[in-house]
Amino acid sequence: MQSWLVFISRFLAQLFKGCLDSVEDYVHFGKVCRSWHLVSVQEDTSSLPKLPWLMLIEKEIGDIREFYSPSSNRVYELCLPECQGRRCWGSPYGWLVTAGTDFQMHLLNPLTRAQILLPPLQKCRNLNQLICGTREFRDVFLNKAVISKQSSSDCFVIAIYLDYRKMAFVRLGDDSWTPLHCSSQPIEDIVLFNDHFFAIDCSQNVLVFDSTGNHVRTIEFTSPSSLDELDYEAKYLLELKGEICIVVRYLYESRITDTPCWRTWGFSVFKLDLFTGKWTSVKCLDGCSLFVGNNSSFHVQASGCLGFRSNCIYFTDDYSGLYDTASSYDMGIYSFEDHKIEPYPVEQDPYFVYSLPLWFKPAM
């Protein structure tokens, strides 16, 4: 009986294939019943446009997670027990990185619920001994996880951990993590570009490593703003139209009682000339929009995409978890043209300090 239902579902999927022109259409198709869901996750959707979704926070103990799609202006509910009680980071490749109080890290596809177990980070050879509890591992020890791909079959996960002072990467299929040599300064972000890892530290040095983990070059980055005039700068690395770029996020500090509360007031973008090592200010994003925060930093060609604004920076909060009290999230849409910040159309009230909103591109 089950095979007959699958056959009918496949037949209907082929019949309606001309009408299923987005990942969201396949999500709707798969919600009809279990057989239709099985067919939807097995269909080839690689040619479909993949526009970012905002994964909303974990609100309560339960298996349902919400995702906001700007292109349809809808919130989707997905059953994801694999995310319950776990910290997550987004990516543009359809996968999330999750970390839990069980000391385990996974890649998770929220649409198909496929999971890939990663090697234990706590056994990386640049750690002499892991001294933290289960909750600290999820909430504090692991600072950021980034997914980068050189090709469809060559995927890397890169972790920044131990107060932003350690880095390591793992290629899918490896048995262990490969450490990257760090400077004495905390690392803010890392990206894989042209077969090299680029990482930026708090001293504004860009450290370059080859794909085996050897340090090959250091490039100095000098922001035009003075830290004497600003409370804080956060920096992100991403590829933008074939060039490596730094996104500088400017924040000021406000306080509610004794709890620090950071708020974003602006952004700048700079691109690197790899030959000269010089940085040039980017004045226009050429119709692109950037996505930074609690995810692998990435861009999309937003002009002509329903629900998205071009020449904007979509940002989420990626530092509230530093404090043991959840405060309101610092997130919004920054316009590169008029330098104004607008809120997202969905509001998020803090629930768990480890659960932060994030951007990712869904893929079946």
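Residues numbered from 1 in each chain as written. Predicted model: local features only at pLDDT ≥ 70, side-chain atom pairs only at ≥ 80, totals over all residues. Heavy atoms only, no water.

A word on the overall build of the chain. When its secondary structure is counted, the chain shows 4 helices and 25 strands. With 364 residues in all, the chain has 54% of them scored as buried. Summed over all atoms, the accessible surface of the chain reaches about 16,600 Å², with 50% contributed by carbon and sulfur. (Helix = DSSP H or I, 4+ residues; strand = E, 2+ residues; numbered from the N terminus. Buried < 20%, exposed > 50% of the residue type's maximum accessible area, 1.4 Å probe, protein only. Areas by Shrake-Rupley, 256 points an atom, 1.4 Å probe, with all protein chains shown as cover.)

What follows concerns the pattern of salt bridges. As enumerated under the stated definition, the model contains 14 salt bridges in all. Notably, a salt bridge pairs Asp-102 with Arg-86, separated by 3.3 Å at the nearest N-O pair. You can see Asp-102 sitting in the loop between strand E5 (96–99) and strand E6 (105–108) and its partner Arg-86 sitting in the loop between strand E3 (74–79) and strand E4 (87–89), a full 16 residues away along the chain. Among the ionic pairs, Arg-138 bridges to Asp-139, the shortest N-O distance being 2.6 Å. Classification of Arg-138 as buried rests on a relative accessible area of 9%. One salt-bridge network, held together by shared partners, links Arg-135, Arg-138 and Asp-139. (Salt bridge = Lys/Arg side-chain N within 4 Å of Asp/Glu carboxyl O.)

A few words now on the layout of surface pockets. A volume near 340 Å³ is recorded for the second largest pocket. As for the second largest pocket, its lining consists of 22 residues, and the residues nearest its centre are Pro-92, Tyr-93, Glu-239, Ser-297 and Phe-298. Of all the secondary structure elements, the ones that give two or more residues to the lining of the second largest pocket are strand E8 (142–151), strand E12 (187–193), strand E16 (232–240) and strand E21 (298–301). Of the residues contributing to the lining of the second largest pocket, the split by class is 11 nonpolar, 6 polar and 5 charged. (1 Å grid on protein atoms, 1.4 Å probe; cavity = no way out; pocket = protein on both sides within 12 Å on 5 of 7 lines; lining within 4 Å. Points joined across faces, edges and corners; volume = space filled by probe spheres on them. Nonpolar A, V, L, I, M, F, W, Y, C, P; charged D, E, K, R; others polar.)

The subject of this paragraph is the sheet that holds strand E13 (residues 196–201). Taken in spatial order, the 4 strands line up as E12-E13-E14-E15 in an open sheet, and their pairing is antiparallel. The outermost strands of the open sheet, each flanked by one partner alone, are E12 and strand E15 (215–220). Along the sheet, successive strands turn relative to each other by an average axial angle of 20°, direction set aside. (Pairing = 2+ DSSP bridges. Axes fitted to C-alpha atoms, helices over the stretch in contact; angles between N-to-C directions.)

Quick look at the nonpolar core now. In this structure, Val-97, Met-105, Leu-121, Leu-142, Tyr-161 and Trp-177 are the most contacted members of the largest nonpolar core, which totals 21 residues. For this core, the elements supplying multiple residues, two or more each, are E5, E6, helix H4 (134–141), E8, strand E9 (154–161) and strand E10 (166–171). No other element matches E9, which puts 4 residues into this core. Apart from residues no more than four positions distant in its own chain, Val-97 is found in contact with Arg-87, Cys-88, Trp-89, Met-105, His-106, Leu-107, Ala-145, Ile-147 and Val-157. (Core = buried A, V, L, I, M, F, W, Y, C linked by side-chain atoms within 4.5 Å. Contact = heavy atoms within 4.5 Å.)

This brings us to the packing of aromatic side chains. On inspection of all chains with the given rule, the structure shows 26 aromatic pairs. Members of the aromatic cluster, joined through ring pairs, are Phe-291, Phe-298, Phe-308, Tyr-314, Tyr-344 and Trp-359. Over the ring of Tyr-354 we find Arg-138, and its NZ or CZ is 3.7 Å from the ring centre. (Phe/Tyr/Trp six-rings, centres within 6.5 Å; stacked < 30°, edge-to-face > 60°. Lys NZ or Arg CZ within 6 Å of the ring centre and 35° of its normal.)

Bringing the environment of Arg-86 into the picture now. Since its relative accessible area comes to 10%, Arg-86 is described here as buried. On a C-alpha basis, the gap between Arg-86 and Asp-139 in space is 9.1 Å, while along the polypeptide they are 53 residues apart. With near-sequence residues (within four places) excluded, Arg-86 lies in contact with Glu-58, Thr-98, Ala-99, Gly-100, Asp-102, Gln-104, Met-105, His-106, Arg-138 and Tyr-354. Looking at Arg-86, its side chain comes within polar contact range of the side chain of Thr-98, at 3.2 Å. (Polar contact = N/O pair within 3.5 Å; in protein donor to acceptor, adjacent residues only side chain to side chain.)

Remark: a regular strand shows side chains that alternate across the two faces of the sheet. Direction of pairing for strand E20 (residues 288–292) relative to E21: antiparallel, over a ladder of 4 bridges. Bridging from a neighbouring strand, Cys-288 pairs with Gln-301 of E21. A loop of 5 residues connects E20 with E21, the two strands running antiparallel in sequence, and Gly-293 in this loop sits at a positive phi of about 130°.

A word on the environment of Thr-218. Tracing the backbone through its elements, the reader meets Thr-218 in strand E15. Owing to a relative accessible area of 42%, Thr-218 belongs among the partly exposed residues under this scheme. Remark: the alpha-carbon pair of Thr-218 and Ala-199, spanning 19 residues in sequence, is separated by 9.5 Å. Not counting chain neighbours up to four residues away, the residues in contact with Thr-218 comprise Asn-205, Val-206 and Leu-207. Within polar-contact distance, the side chain of Thr-218 engages the side chain of His-215 at 2.9 Å.

Our next topic: the side chain of Asn-143. Inspection of the secondary structure puts Asn-143 in strand E8. A relative accessible area of 7% places Asn-143 in the buried class. Here Val-140 takes part through its backbone oxygen, which lies 3.1 Å from a polar atom of the side chain of Asn-143. Dropping the residues within four chain positions of it, Asn-143 is found in contact with Arg-87, Trp-89, Ile-160, Tyr-161, Leu-162, Asp-163 and Tyr-164.

Before going further, it helps to spend a moment on the sheet that holds strand E7 (residues 115–117). Spatial strand order, E4-E5-E6-E7: 4 strands in an open sheet with antiparallel pairing. With one partner strand each, in any of the chains shown, E4 and E7 form the two edges of the open sheet. Mean inter-strand twist for the sheet, computed between neighbouring axes without regard to direction, equals 25°. On the sheet, H4 packs against E4, E5 and E6 and is oriented at approximately 30° with respect to E4.

Turning our attention to unusual backbone geometry. Its identity is not glycine, yet Phe-103 carries a phi of approximately 70°, on the positive side. Residue position: Phe-103 is located in the loop between E5 and E6. Looking at Phe-103, the relative accessible area reads 22%, which means it is partly exposed. You will see that His-339, though not glycine, has its phi angle at about 60°, which is positive. Among the structural elements, His-339 can be located in the loop between strand E23 (332–335) and strand E24 (341–342).

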